[in-house]
Amino acid sequence: SFTWYQDIHNKGLEWANHYDVEAFQVYGIISAFSPMMSWKLNQENAIKFLEGKPVNYLGRQVEKAHLIYGLTDEMRSMVEKGHAKSFVETWMNRKISVILSGRKTVSFFDNMCYPEHSNKLTLDVHMWNNFKPFSWTTITEKRYTGMENVFREVSSQKETSVPSLQSSLWVTVRGAYD
């Protein structure tokens, strides 16, 4: 399905409303919990975290989720001071990207935020194993960039976004929602 990232984007909007946080924070928290985690457990951990329950996961990833969650007051203060919503969203997106720091998690975050416009590839181990040249055994920055550029080129030819192309392939390889 080409709509996997759009579906997750919409789910993030619902969770943001339910847990009284911004959607960017939901996408950031989901991204923080994504390394080495199935999609099902990733969602469960994000919900537990948003509900204030303990999450048994890598300590650094939980710390990142706390930093992202903690942006609420700072962001709301900016809005109250009259900053334009687009400025606040750009600021929040950049700040969360710095907190996440890893290329895969930053790309995942960007794909959820902007499923119709992102040009970033979320290169997880499943995408890597199914679409890399056979001779490549490790992911390097150069290889990640090369694979991302191929996805950009094909998505441009197909007049779709990188996340839409990726989700179609990912769903085909992994199954609908893991």
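Above this text sits the structure in question.
Residues numbered from 1 in each chain as written. Predicted model: local features only at pLDDT ≥ 70, side-chain atom pairs only at ≥ 80, totals over all residues. Heavy atoms only, no water.

Caption draft 1: How the structure looks around the overall build of the protein chain. In terms of helices and strands, the protein chain carries 10 helices and zero strands. In the protein chain, the succession of α and β elements from N to C terminus is α-α-α-α-α-α-α-α-α-α. Its C-alpha atoms give the protein chain a radius of gyration of 16 Å, within 12% of the compact-globule value 16 Å for 178 residues. Seen through its principal axes, the protein chain has C-alpha atoms that stretch 50 × 35 × 30 Å. (Helix = DSSP H or I, 4+ residues; strand = E, 2+ residues; numbered from the N terminus. Rg over C-alpha atoms; globule rule 2.2 N^0.38 Å.)

Caption draft 2: Inspection of helix H6 (residues 85–100) at higher detail. The terminal C-alpha atoms of H6, which comprises 16 residues, lie 22 Å apart, in line with the 22 Å expected from a rise of 1.5 Å per residue. Those residues of H6 that sit buried are Val-88, Trp-91, Met-92, Asn-93, Ile-96, Ser-97, Ile-99 and Leu-100. Contacts from the buried residues of H6 go to helix H2 (23–32), helix H4 (59–69), helix H5 (71–80) and helix H7 (103–113). One or two steps after H6, the chain reaches Ser-101, where phi turns positive at roughly 65°. (Expected span 1.5 Å × (residues − 1). Buried < 20%, exposed > 50% of the residue type's maximum accessible area, 1.4 Å probe, protein only. Contact = heavy atoms within 4.5 Å.)

Caption draft 3: Geometry of the packing of aromatic side chains. One pass over the structure, following the stated rule, counts 11 aromatic pairs. Measuring from centroid to centroid gives 6.2 Å for Trp-39 and Phe-108, while their planes differ by 80°, and the two rings are edge-to-face. Of this pair, Trp-39 sits in helix H3 (residues 39–50) while Phe-108 is found in helix H7, placing the two residues 69 residues apart along the sequence. One exposure class covers both Trp-39 and Phe-108, and it is buried. Ring plane angle 20° and centroid distance 5.7 Å describe the contact between Trp-128 and Trp-136, whose orientation is recorded as stacked. Every member of this aromatic cluster is reached through a ring pair, and the members are Trp-4, Tyr-5, Trp-39 and Phe-108. (Phe/Tyr/Trp six-rings, centres within 6.5 Å; stacked < 30°, edge-to-face > 60°.)

Caption draft 4: Structural detail: the nonpolar core. Counting 50 residues, the largest nonpolar core has Trp-4, Ile-29, Ile-30, Phe-33 and Ile-96 as the members making the most contacts within it. Of the residues forming this core, the biggest block, seven residues, is contributed by H2. Ignoring sequence-local partners within four residues, the contact set of Ile-96 consists of Phe-24, Gln-25, Gly-28, Ile-68, Leu-71 and Phe-109. (Core = buried A, V, L, I, M, F, W, Y, C linked by side-chain atoms within 4.5 Å.)

Caption draft 5: Local environment of H4. Residues of H4 that are buried: Gln-61, Val-62, Lys-64, Ala-65 and Ile-68. Each buried residue of H4 sits inside an arc of 155° when the element is viewed along its axis, so together they form one side. Buried-residue contacts for H4 involve H2, H3, H5 and H6. (Arc of directions from axis to C-beta.)

Caption draft 6: View of the pattern of salt bridges. Across all of its chains, the model carries seven salt bridges by this definition. Close ionic contact of Glu-74 with Lys-95 constitutes a salt bridge, the shortest N to O distance being 3.4 Å. Residue Glu-74 is located in helix H5, and its partner Lys-95 is located in helix H6; the two are separated by 21 residues in the primary sequence. A relative accessible area of 31% means that Lys-95 is categorised as partly exposed. Here Glu-141 makes a salt bridge to Arg-103, at a shortest N to O gap of 2.8 Å. With Glu-141 in helix H9 (residues 141–157) and Arg-103 in helix H7, this residue pair connects regions lying 38 residues apart in the sequence. Look at Glu-141 and you get exposed, because its relative accessible area is 55%. Connected via shared salt-bridge partners are Arg-103, Glu-141, Glu-148 and Arg-152. (Salt bridge = Lys/Arg side-chain N within 4 Å of Asp/Glu carboxyl O.)

Keep in mind these numbers describe shape, not what the thing actually does.
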